[in-house]
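As a plain string of letters, each chain reads:
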Amino acid sequence: MASKKFKVISHYYNNYSLWSMFKAKNLSPQKLAGFTALIISIVIALGSWVVDGSWQVVLGAFVLTFLVSYYLYLYTLQNFIYRKIKLIYKFIYQTKASKREEFFQKNILPSKTIEEVSEDVEKWASQKKEELENLRRNEEFRKEFLLNLSHELKTPIFAVQGYIHTLLDGALEDPNVNKLFLKNATKNIDRLCRLIDDLDEISKLESGEMMVNAEVFIIQDLIKDVFDTLSLKANSKGIKFSFKKGCEAPQPVYADKEKIRQVLINLVDNSIKYGKQDGHTIASIYSMDGKRVLVEISDDGIGMAEEHLPRVFERFYRTDRARSRDIGGTGLGLAIVKHIVEAHDQSITVRSKPEIGSTFGFTLESGRE
């Protein structure tokens, strides 16, 4: 019985002692001032008892010390420490004098504990650290983008410059090379024009200038149109177009038809460029959750290593620069595709393995009511 009683007293002491109250997370300035004043008062009262021994003196010393200590400590806490905390919050939130700020300082801030203030500062510091990391990544991306842009622009410009200078130096009079040089110069000028057009289109997509005019249409019909458009290019490599078995049933989608046509042309064109001789390009359409439709374009071409997949939608990113440049293209096609899909509030993904092939998939809103 005595052991049980001791446990109850011990439990009460551990949970309701002054020390546990000091450790409380939501300790207010008033409580902190009260506890501090109480400890000081008890010490002074005990000193008075030792010196005088009179309970009136002890009581008077206790009350007077408690009141003076309480108000002095509370005044110091609120007017010094919390003034510093207010400055911290002003620095964190960059606030200006307003009714909202006054309400925060008078009602919310005094109720915050040091632990809560510390958490707020840690959150702010973590946020700023993340912002700095994003700025560093953006700066690295900007440098890489400018480097790639400079390289992509210089290649056709220097080629045109070389052909024209050679013609002016006397090759213009040579019928064996003059037409060839002019044709090559024209090819590079066309490439430069495509690059500028693609850059202009990406700028419009990123700035939101290009509007999405959505309508309901059958996605299989649009894919067939794209297959027909690129059939000559596919036939030159013996590549066959087809739909995956079970995906032939008409599937309506709600999207901007011409922009999705551009997405499909880019993806199917890539499947031809990087597809193997006498290969296949297969289109698959899946109804996902009744609200979205997944469209996939697959090939059995050269594929890509896994480390390239997170970056294939970046502007000018090439898995094999020399080979990509020989094949053609501006290096902006997949970036445009990603922007168009995201302008529809949808997502695009890629799966690929070297020498097995690649699959690009994007979602669209279902056109079924």
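Since the model is a prediction, treat every value here as computed from it, not as a measurement.

Cut-offs applied
Residues numbered from 1 in each chain as written. Predicted model: local features only at pLDDT ≥ 70, side-chain atom pairs only at ≥ 80, totals over all residues. Heavy atoms only, no water. Phe/Tyr/Trp six-rings, centres within 6.5 Å; stacked < 30°, edge-to-face > 60°. Helix = DSSP H or I, 4+ residues; strand = E, 2+ residues; numbered from the N terminus. Buried < 20%, exposed > 50% of the residue type's maximum accessible area, 1.4 Å probe, protein only. UniProt positions renumbered as here; feature names shortened; annotations may be inferred. Contact = heavy atoms within 4.5 Å. Core = buried A, V, L, I, M, F, W, Y, C linked by side-chain atoms within 4.5 Å. Patch = residues over 30% accessible without salt bridge, like charges linked within 9 Å, V, L, I, M, F, W, Y side chains within 5 Å. Areas by Shrake-Rupley, 256 points an atom, 1.4 Å probe, with all protein chains shown as cover. Salt bridge = Lys/Arg side-chain N within 4 Å of Asp/Glu carboxyl O.

Student: Please clarify how the packing of aromatic side chains should be interpreted in this entry.
Tutor: In this description, a pair of aromatic rings is defined by centroid distance and the angle of the planes. One pass over the full model with this rule turns up seven aromatic pairs. Note on Phe227 and Phe241: the rings are 4.4 Å apart at their centroids and 10° apart in plane angle, and the pair reads as stacked. Note that Phe227 is positioned in helix H8 (residues 219-229) and Phe241 in strand S2 (residues 240-243), a separation of 14 residues in sequence. Ring geometry for Phe313 and Phe360: centres 6.1 Å apart, planes at 85°, overall edge-to-face. Of this pair, Phe313 sits in the loop between strand S5 (292-299) and helix H11 (321-327) while Phe360 sits in strand S7 (residues 357-366); the two residues are 47 residues apart in sequence, bridging distant segments of the chain. For the pair Phe313 and Phe360, a shared accessibility class is recorded, and that class is buried.

Student: What is the right way to read the UniProt feature "transmembrane region" (unreviewed entry) in the chain from this model?
Tutor: Mapped onto the present numbering, the UniProt feature "transmembrane region" (unreviewed entry) falls on residues 32-51 and 57-77. Note that residues 32-51 is 100% helix and 0% strand, and that its end C-alpha atoms are spaced 29 Å apart.

Student: What exactly am I supposed to notice about the side chain of Gln251 here?
Tutor: Residue position: Gln251 is located in the loop between S2 and strand S3 (252-255). The exposure class assigned to Gln251 is buried, which follows from its relative accessible area of 7%. In this structure Gln251 touches Phe217, Ile218, Ile219, Gln220, Ile285, Ser287, Val293, Ser366 and Arg368, once residues within four positions along its chain are discounted.

Student: What should I look at first to understand the nonpolar core in this one?
Tutor: For soluble globular proteins, nonpolar side chains are generally found buried alongside one another. Formed by 45 residues in total, the largest nonpolar core has its most connected members in Ile219, Ile223, Ile260, Leu264 and Phe362. Ignoring sequence-local partners within four residues, the contact set of Ile260 consists of Phe217, Ile219, Leu222, Ala255, His344, Phe362 and Leu364.

Student: Whenever I open this one, a nonpolar patch on the surface confuses me. Can you help?
Tutor: Judged by side-chain polarity, Trp49, Val50, Val51, Trp55, Leu59, Val63, Leu67 and Tyr71 come together as a nonpolar surface patch covering roughly 930 Å² of accessible area. The leading source of residues in the nonpolar patch is helix H4 (residues 55-93), at five residues. Inspection of the secondary structure assignment puts Leu59 in helix H4.

Student: Hey, could you run me through the pattern of salt bridges in this one?
Tutor: One side chain can pair with another of opposite charge once the charged atoms of both are near each other. Per the stated rule, a full pass over the model turns up eight salt bridges. For Lys233, the salt bridge goes to Asp269, with nearest N and O atoms at 2.6 Å. Residue Lys233 is found in helix H9 (residues 231-235), and its partner Asp269 is found in helix H10 (residues 257-273); the two are separated by 36 residues along the sequence. Residue classification places Asp269 among the buried positions, given a relative accessible area of 13%. A salt bridge links Glu342 to Lys338; its shortest N-O distance comes to 2.8 Å. Of the two residues, Glu342 and Lys338 are both situated in helix H12 (residues 333-343); the distance of four residues between them amounts to about one turn of the helix. The exposure class of Glu342 is partly exposed, given its relative accessible area of 39%. Here Lys338 falls in the partly exposed class, since its relative accessible area comes to 27%. Three or more residues are tied together by salt bridges with common partners; here these are Lys233, Asp269 and Lys273.

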